[in-house]
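Commentary on secondary and tertiary structure
Each chain, letter by letter, is given below.
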Amino acid sequence: MRKIKFLHIICGLICIILFVVFVIMGFFERIFFIPALCAIIGYMVIDKKYLRFPNCQAFTNIDRLL
């Protein structure tokens, strides 16, 4: 049975934190919206591939995984 690895949870949290930081910075300099877009796309990829329940592929909130 496959498990959700702690490393994938940490990578998801890092993507969320980077997204928030770059969005806040983007309000001052518009160029920072581009890395924010990359961070949210990275989170969506990690969420789709690794942060799903192994048996049914349903999703859960990231705070419940910790």
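Residues numbered from 1 in each chain as written. Predicted model: local features only at pLDDT ≥ 70, side-chain atom pairs only at ≥ 80, totals over all residues. Heavy atoms only, no water.

1. A look at the side chain of His8
Cut-off, in case you're wondering: Secondary structure follows DSSP: runs of H or I at least 4 residues long count as helices, runs of E at least 2 residues long count as strands, and numbering of each begins at the N terminus. Partly exposed describes any residue whose relative accessible area lies between the buried limit of under 20% and the exposed limit of over 50%, with all areas from a 1.4 Å probe on protein chains only and scaled to the type maximum. Throughout, a contact is declared for two residues whenever any of their heavy atoms are within 4.5 Å.
Within the secondary structure layout, His8 lies in helix H1 (residues 6-26). Residue His8 is classed as buried on the basis of its relative accessible area, which comes to 18%. If sequence neighbours within four positions are ignored, His8 has contacts with Ile46, Tyr50 and Leu51.

2. Quick notes on the packing of aromatic side chains
Formally: Stacked, tilted and edge-to-face are the three classes applied to pairs of Phe, Tyr and Trp rings, where Trp contributes its six-membered ring and a pair requires centres within 6.5 Å; stacked means planes under 30 degrees apart, edge-to-face means over 60, and tilted covers the rest.
With the rule as written, the count across this model stands at 2 aromatic pairs. Aromatic side chains Phe22 and Phe32 sit 6.2 Å apart centroid to centroid with 15° between the ring planes, which places their arrangement in the stacked category. Taken together, the residues Phe22 in helix H1 and Phe32 in the loop between H1 and helix H2 (33-49) connect sequence positions 10 residues apart. Centroid distance Phe27 to Phe33: 5.9 Å. Interplanar angle 90°. Geometry classified as edge-to-face. Classification of Phe27 by relative accessible area gives exposed; the value is 60%.

3. Topic: H2
The following threshold applies: How far a helix is expected to stretch is found by multiplying one less than its residue total by 1.5 Å. Taking the helix axis as origin, the arc is that swept by the directions to the C-beta atoms.
An ideal rise of 1.5 Å per residue puts 24 Å on 17 residues; H2 measures up with 24 Å between its terminal C-alpha atoms. For H2, the full list of buried residues reads Ala36, Ala39, Tyr43, Ile46 and Asp47. For H2, the angular spread of buried residues about the axis comes to 100°, placing them on one side. Away from the buried face of H2 by more than 90 degrees, exposed residues Ile34, Cys38, Met44 and Lys48 are located.

4. A word on a nonpolar patch on the surface
Stated precisely, the cut-off is as follows: Two distance rules govern patches: like charges are joined within 9 Å, and nonpolar side chains (Val, Leu, Ile, Met, Phe, Trp, Tyr) within 5 Å, applied only to residues with over 30% relative accessible area and no salt bridge. Reported accessibility uses the Shrake-Rupley method at a 1.4 Å probe radius. Residues are deemed covered only where the shown protein chains occlude them. Whenever Lys or Arg places a side-chain nitrogen within 4 Å of a carboxyl oxygen from Asp or Glu, that contact is recorded as a salt bridge.
A contiguous nonpolar surface patch, about 480 Å² in accessible area, is contributed by Val20, Ile24, Phe27 and Phe28. Residue position: Ile24 is located in helix H1. The exposure class assigned to Ile24 is partly exposed, which follows from its relative accessible area of 48%.

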